[in-house]
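# Remarks on the overall topology
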Amino acid sequence: MKTRIEEIIFNKIDTAEDDLGELSIFLHDLRKQLLSGKGFAYVMPSIVISTVIDLYNQGSYDSVKDICLHALEHCSSYTEEPLQELYYRLCQVLARMKDRISKAEEYLLKALDFNSNMQIARRELVNVYLNQEKYTKALPLAKENYNRKSTNSYHIEAYFRCLLNHYPWNTETEDTLN
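Figured I'd write up the structure that's included with this text.

### Examining the overall build of the chain
Counting its regular elements, the chain contains 10 helices and zero strands. Reading the secondary structure of the chain in the N-to-C direction produces α-α-α-α-α-α-α-α-α-α. A burial count over the chain gives 39% of its 178 residues as buried. A fraction of 43% describes how many contacts in the chain between residues 6 or more apart in sequence connect residues 24 or more apart. Accessible area for the chain stands at about 10,500 Å²; split by element, carbon and sulfur atoms hold 49% of it.

### Some words on the pattern of salt bridges
Counted under the stated rule, the structure contains eight salt bridges. A salt bridge links Asp66 to Lys65, with the shortest nitrogen-to-oxygen separation between them at 3.8 Å. Given a relative accessible area of 13%, Lys65 falls into the buried group. Residue Glu144 is joined to Arg148 by a salt bridge in which the shortest nitrogen-to-oxygen separation is 3.2 Å. Here Glu144 and its partner Arg148 are both found in helix α8 (residues 135-148), four residues apart, which amounts to about one turn of the helix. According to the relative accessible area criterion, Arg148 is partly exposed, its value standing at 40%. Overlapping salt bridges, with partners in common, bring together Glu105, Lys134 and Lys137 in one network.

### Looking at the packing of aromatic side chains
Two measures describe an aromatic ring pair: the distance that separates the ring centres and the angle between the ring planes. Enumeration according to the criterion identifies four aromatic pairs in this entry. Their ring planes at 40° and their centres at 5.4 Å tell us that Tyr56 and Tyr61 sit as a pair that is tilted. For Tyr56, a relative accessible area of 12% corresponds to the buried category. Judged by its relative accessible area of 27%, Tyr61 falls in the partly exposed class. The rings of Tyr87, Tyr107 and Phe114 are connected pair by pair, giving a single aromatic cluster. Geometry around Tyr154 places Arg123 over its ring, the cationic atom sitting 4.5 Å from the centre.

### Quick look at the packing of helix α5 (residues 80-96) against helix α6 (residues 101-114)
The packing of two helices is summarised by the inter-axis angle and the distance between the axes. For the pair α5 and α6, the least separation of the axes is 8 Å and the interaxial angle reads 160°. Viewed along their axes, α5 and α6 adopt a mutual orientation that is roughly antiparallel. The chirality of how α5 crosses α6 is left-handed. Note on element contacts: α6 touches α5 through Ile101, Lys103, Ala104, Tyr107, Leu108, Lys110, Ala111 and Phe114, opposite Glu80, Leu83, Gln84, Tyr87, Tyr88, Leu90, Cys91, Leu94 and Ala95. When grouped by side-chain class, the residues that make up the contact of α5 with α6 number 13 nonpolar, one polar and three charged.

### Description of the side chain of His155
Relative to the assigned elements, His155 resides in helix α9 (residues 153-165). Judged by relative accessible area, His155 falls into the buried class, the value being 2%. Among the polar contacts made by the side chain of His155, one reaches the side chain of Gln119 at a distance of 2.8 Å. With residues up to four places along the chain from it excluded, the contact list for His155 reads Gln119, Arg123, Asn145, Tyr146 and Lys149.

### A short note on the side chain of Gln84
The residue Gln84 is located in helix α5 in this model. Relative accessible area serves as the criterion here: at 14%, Gln84 is assigned to the buried category. Each residue touching Gln84, except ones within four places of it in the same chain, is listed here: Ala111, Phe114, Asn115 and Met118.

### Overview of α8
When the terminal C-alpha atoms of α8 are compared, their 19 Å separation across 14 residues agrees well with the 20 Å that a helix rising 1.5 Å per residue should span. All of the buried residues in α8 are Tyr135, Ala138, Leu139, Leu141, Ala142 and Asn145. Elements that come into contact with the buried residues of α8 comprise α7 (119-131) and α9.

Rules of the game
- Residues numbered from 1 in each chain as written.
- Predicted model: local features only at pLDDT ≥ 70, side-chain atom pairs only at ≥ 80, totals over all residues.
- Heavy atoms only, no water.
- Helix = DSSP H or I, 4+ residues; strand = E, 2+ residues; numbered from the N terminus.
- Buried < 20%, exposed > 50% of the residue type's maximum accessible area, 1.4 Å probe, protein only.
- Contact = heavy atoms within 4.5 Å.
- Areas by Shrake-Rupley, 256 points an atom, 1.4 Å probe, with all protein chains shown as cover.
- Salt bridge = Lys/Arg side-chain N within 4 Å of Asp/Glu carboxyl O.
- Phe/Tyr/Trp six-rings, centres within 6.5 Å; stacked < 30°, edge-to-face > 60°.
- Lys NZ or Arg CZ within 6 Å of the ring centre and 35° of its normal.
- Axes fitted to C-alpha atoms, helices over the stretch in contact; angles between N-to-C directions.
- Parallel < 35°, antiparallel > 145°, perpendicular 65-115°, else oblique.
- Left-handed = near helix turned anticlockwise from the far one by under 90°.
- Nonpolar A, V, L, I, M, F, W, Y, C, P; charged D, E, K, R; others polar.
- Polar contact = N/O pair within 3.5 Å; in protein donor to acceptor, adjacent residues only side chain to side chain.
- Expected span 1.5 Å × (residues − 1).

Below, the structure written as structure tokens:
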């Protein structure tokens, strides 16, 4: 199926000299198919990811969750980068859905399996731990994030929250807070 879509796209590009209007209509139709849950839009990771980002920004968390789960379950041809992005977006939306926070942790850890240096996923994982009051898990990661980028306000706040809530305080924690 992927080769058929590629063939259509290349034919559209080859036959359209100055007018890519038909191609933009084709891509728009793929996006509509994705939103309806039907069609072949999943073969184009860029369409999936841009749609997921737009839906997240609109607050359509259930749609984001459904599209990400479907893509992750059925699109084995995706490369590492789109998979990493989908895991991150899925856990981001699950973290916003209070009843799904443990799933957010699971998917963030999967995203970090692809790229352990993905700063945004590391930051979100600290927030997930903080929301679950898992301060012992959050503290080392928050400290590492802070040490990597000590001017990042998100890292400063998360590290501070971890330190405040990690009882009993040891000498190092007291020194850091002072």
